[in-house]
Amino acid sequence: MADEVILLDFWASMFGIRVRIALAEKGIKYEYKEQDLFNKSPLLLQMNPVHKKIPVLIHNGKSVCESSIIVQYIDEVWKDKAPLLPYDPYQRAQARFWADFIDKKMYDTSRKTWATKGEEQEAAKKEFIEVLKTLGGELGDKPFFGGDNFGYVDLCLIPYYCWFYSYETFGKFSVEAECPKFIAWVTRCLQRETVAKALPDEKKVFEFVSVLREKIRVE
Amino acid sequence: MAEEVKLLKTWSSPFGLRAFWILKLKGVQFDFIDEDLSNKSPLLLQSNPVYKKVPVLIHNGKPISESLVILEYVDETWKQNPLLPEDPYERARARFWAKFGDDKVLASIWNAFIKQGKEQEEAIGLAIETLKFLEEELKGKRFFGGEKIGLPDLALGWLANLIGVFEEVIGVKLIEKERFPLLSAWMQEFAEAPVIKESWPPHEKLVTKFRAMREPYVAAAAQPK
């Protein structure tokens, strides 16, 4: 029986992009279904009744939710090609630790760089840069977080890059000026076709963020 | 070379307790240190420089932090009595419920615990809505892991003991048997399971500790606005 793989996603979601990269790395054919997050479809509500969020992977009718869990699922099911997590349990634990750090630290902090103003925004910028510096420290001199090869941590982090232009423009700062090594890592990731194809245009994301800011009345 | 396994935790931390449980359930020989978080040891600070928190597992000198990461590491390293199923879809479900516990259940229960007055009523309402998902998930199952204790049971296990402590401190029942028959049965069965039942921190000491933790929130709410 052929595999049926469907991805419920939203074009600008950094969490959805993770799954798209993982599917591309493994060469998996799938049907992409764009979701309207302001008017959620019955399919989304049925497949993710607990959180009602994207991304959701539907594999032969069964749904998997939460991006980091979906990526690990993909890695375990399609295990014969392009391993995303390391083989060694200690290295795997380190990869999971840093993916969890990204989940805990990147989203809320980065959101505040465009969704707030004044002192709150200044504090968010400082914290965001600190988070990138901590990640830069972990990267060290390695080409990728996974070592010589692009892996799970790289995949979890790189989707945020298409939002950087928005953070920098609304927050009035430059990631390259603050963390040049980080941008060097970004460049290496973007050389991978799977990554370059999965990331939407940063100017399109910027337009979207502008609309969001209006909706939540930031100015 | 002999294995050296060390667990840094505290006497009361539910996250440390998870790591303690899995090592005991697997029959791993280990030492543990109960840290004083007001005076963190150099070993803790060195082993978890990112968060400086417990628990930390140190295996042959190499540290692993974050309790759910520790659980998966232990499960992969010591393969007896596996906590995660073989099937990738079931593994994804187990991870989903463990994460739901930490992301949603813990936060909602904590809010119900610290908030006052009208805010507390709302927080309790939200906590009950969250707990309903757990009740639903237990249908036809003895444990979240199925017939035996699995990863989500260890992740949610703090409920079996701390709910009673919180309820005693705030004087409100959060998990009523009539509303949550399956969850109540699970809490009892988990609390009395071998290994688990010997590990609970002393009840009165927990009540004292959490009552003290709640004080600043009570005091703040009592301030005239």
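Residues numbered from 1 in each chain as written. Chains lettered and ligands numbered in written order. Predicted model: local features only at pLDDT ≥ 70, side-chain atom pairs only at ≥ 80, totals over all residues. Heavy atoms only, no water.

(A) Region of interest: the overall build of chain B. From N to C terminus, chain B includes nine helices and four strands. Start at the N end of chain B and walk to the C end: the helices and strands fall as β-α-β-α-β-β-α-α-α-α-α-α-α. For 225 residues, the compact-globule formula gives about 17 Å, and the C-alpha radius of gyration of chain B, at 18 Å, lands near that figure. Expressed as lengths along the three principal axes of its C-alpha atoms, the size of chain B is roughly 60 × 45 × 30 Å. Put simply, chain B has 225 residues, and 51% of those count as buried. Considering only intrachain contacts with a sequence separation of at least 6, the fraction spanning at least 24 residues in chain B is 69%. Summed over its atoms, the accessible surface of chain B is roughly 10,900 Å², and 54% of this surface lies on carbon and sulfur atoms. Chain B carries 31 positive and 33 negative side-chain charges, and their two centres are separated by 3 Å. (Helix = DSSP H or I, 4+ residues; strand = E, 2+ residues; numbered from the N terminus. Rg over C-alpha atoms; globule rule 2.2 N^0.38 Å. Buried < 20%, exposed > 50% of the residue type's maximum accessible area, 1.4 Å probe, protein only. Contact = heavy atoms within 4.5 Å. Areas by Shrake-Rupley, 256 points an atom, 1.4 Å probe, with all protein chains shown as cover. Lys, Arg positive; Asp, Glu negative; His and termini not counted. Charge placed at Lys NZ, Arg CZ, Asp CG, Glu CD.)

(B) Fine view of the state of the cysteines. Residues and elements named next belong to chain A. Applying the stated rule across the entire model yields zero disulfides over all chains. In this model Cys162 remains outside any disulfide bridge; the closest cysteine sulfur is found in Cys189, 13 Å from its own. No disulfide involves Cys189; its sulfur sits 12 Å from that of Cys156, the nearest cysteine. Taking the relative accessible area as the measure of exposure, Cys189 reaches 0% and is therefore buried. (Disulfide = S-S within 2.5 Å.)

(C) The arrangement of the side chain of Lys26(A) in detail. All names here are of chain A. With respect to the helices, strands and loops of the structure, Lys26 is situated in the loop between α1 (14–25) and β2 (31–34). Judged by its relative accessible area of 5%, Lys26 falls in the buried class. Here the side chain of Lys26 touches Asp75 through a polar contact of 2.8 Å, side chain to side chain. A polar side-chain atom of Lys26 sits 3.2 Å from the main-chain carbonyl oxygen of Ala82. Residues contacting Lys26, with those up to four places away along its chain left out, are Ile74, Asp75, Trp78, Lys79, Lys81, Ala82, Pro83 and Leu84. (Polar contact = N/O pair within 3.5 Å; in protein donor to acceptor, adjacent residues only side chain to side chain.)

(D) Molecular detail of the packing of helix α4 (residues 88–114) of chain B against helix α7 (residues 159–170) of chain B. Residues and elements named next belong to chain B. One way to put it is that α4 packs onto α7 with a least axis distance of 10 Å and a crossing angle of 20 degrees. One way to sum up the angle between α4 and α7 is to call them roughly parallel. Crossing hand, α4 versus α7: left-handed. Contacts between α4 and α7 involve Val105, Ile109, Trp110, Ala112 and Phe113 from the first element and Leu159, Ile163, Phe166, Val169 and Ile170 from the second. Grouping the constituent residues of the contact of α4 with α7 by class yields ten nonpolar, no polar and no charged. (Axes fitted to C-alpha atoms, helices over the stretch in contact; angles between N-to-C directions. Parallel < 35°, antiparallel > 145°, perpendicular 65-115°, else oblique. Left-handed = near helix turned anticlockwise from the far one by under 90°. Nonpolar A, V, L, I, M, F, W, Y, C, P; charged D, E, K, R; others polar.)

(E) Spotlight on the interface of chain B and chain A. Opposite the 24 residues of chain B that make contact, chain A presents 26 residues. Summed over both partners, the interface of chain B with chain A buries about 2,400 Å², with 67% contributed by carbon and sulfur atoms. The largest share of the area that chain B buries against chain A comes from Tyr51(B), Tyr89(B) and Phe96(B), three residues that together contribute 25% of it. Counting across the chain B and chain A interface gives seven salt bridges. (Buried area = accessible area lost by both parts, 1.4 Å probe. Salt bridge = Lys/Arg side-chain N within 4 Å of Asp/Glu carboxyl O.)

(F) Here's a closer look at the sheet that holds strand β1 (residues 5–9) of chain A. Residue and element names in this part refer to chain A. Reading across the sheet, the four strands line up as β2-β1-β3-β4 and stay open at both edges, with mixed pairing between neighbours. Only two strands of the sheet have a single neighbouring strand rather than two, namely β2 and β4 (62–65). Within this sheet the neighbouring strands show an average axis-to-axis angle of 20 degrees, counted without direction. When β1 meets β2, the two strands line up parallel, connected through four bridges. (Pairing = 2+ DSSP bridges.)

(G) Fine view of the pattern of salt bridges. Per the counting criterion, the structure on display carries 31 salt bridges over all chains. Its salt-bridge partner being Lys26(A), residue Asp75(A) comes within 2.8 Å of it at the nearest N-O pair. Here the residue Asp75(A) occupies a position in helix α3 (residues 67–77), and Lys26(A) occupies one in the loop between α1 and β2, the gap between them amounting to 49 residues. Judged on exposure class, the residue Asp75(A) and its partner Lys26(A) are both buried. Here Glu176(B) and Arg179(B) are joined by a salt bridge, their closest N and O atoms 3.8 Å apart. Salt bridges sharing common partners tie together Glu76(A), Arg92(A), Arg96(A), Glu72(B), Glu76(B), Arg91(B) and Arg95(B).

(H) Expanded view of the packing of aromatic side chains. Going through the model one piece at a time under the given rule, you end up with 40 aromatic pairs over all chains. Ring geometry for Phe96(B) versus Trp97(B): centroids 5.1 Å apart, planes at 85 degrees, classification edge-to-face. Residue classification places Phe96(B) among the buried residues on the basis of a relative accessible area of 10%. Of the residues examined, Trp97(B) reaches a relative accessible area of 7% and is grouped as buried. For the ring pair Phe166(B) and Phe210(B), a centre distance of 5.1 Å and an interplane angle of 80 degrees mean the geometry is edge-to-face. Pair noted here: Phe166(B) is in helix α7 and Phe210(B) is in helix α9 (residues 203–222), with a separation of 44 residues, a long-range link. On the basis of relative accessibility, which here comes to 3%, the residue Phe166(B) falls in the buried class. Its relative accessible area of 6% is what places Phe210(B) among the buried residues. When the ring centre of Tyr165(A) is taken as origin, the NZ or CZ atom of Lys203(A), which lies over that ring, is 5.0 Å away. Just above the ring of Phe20(B) sits the side chain of Lys9(B); from NZ or CZ to the centre is 5.3 Å. (Phe/Tyr/Trp six-rings, centres within 6.5 Å; stacked < 30°, edge-to-face > 60°. Lys NZ or Arg CZ within 6 Å of the ring centre and 35° of its normal.)

(I) Up close: the side chain of Asn48(B). For Asn48(B), the position within the fold is in the loop between α2 (42–47) and β3 (56–59). Among residues more than four places away in sequence, those in contact with Asn48(B) are Lys53(B), Val56(B) and Ser65(B).

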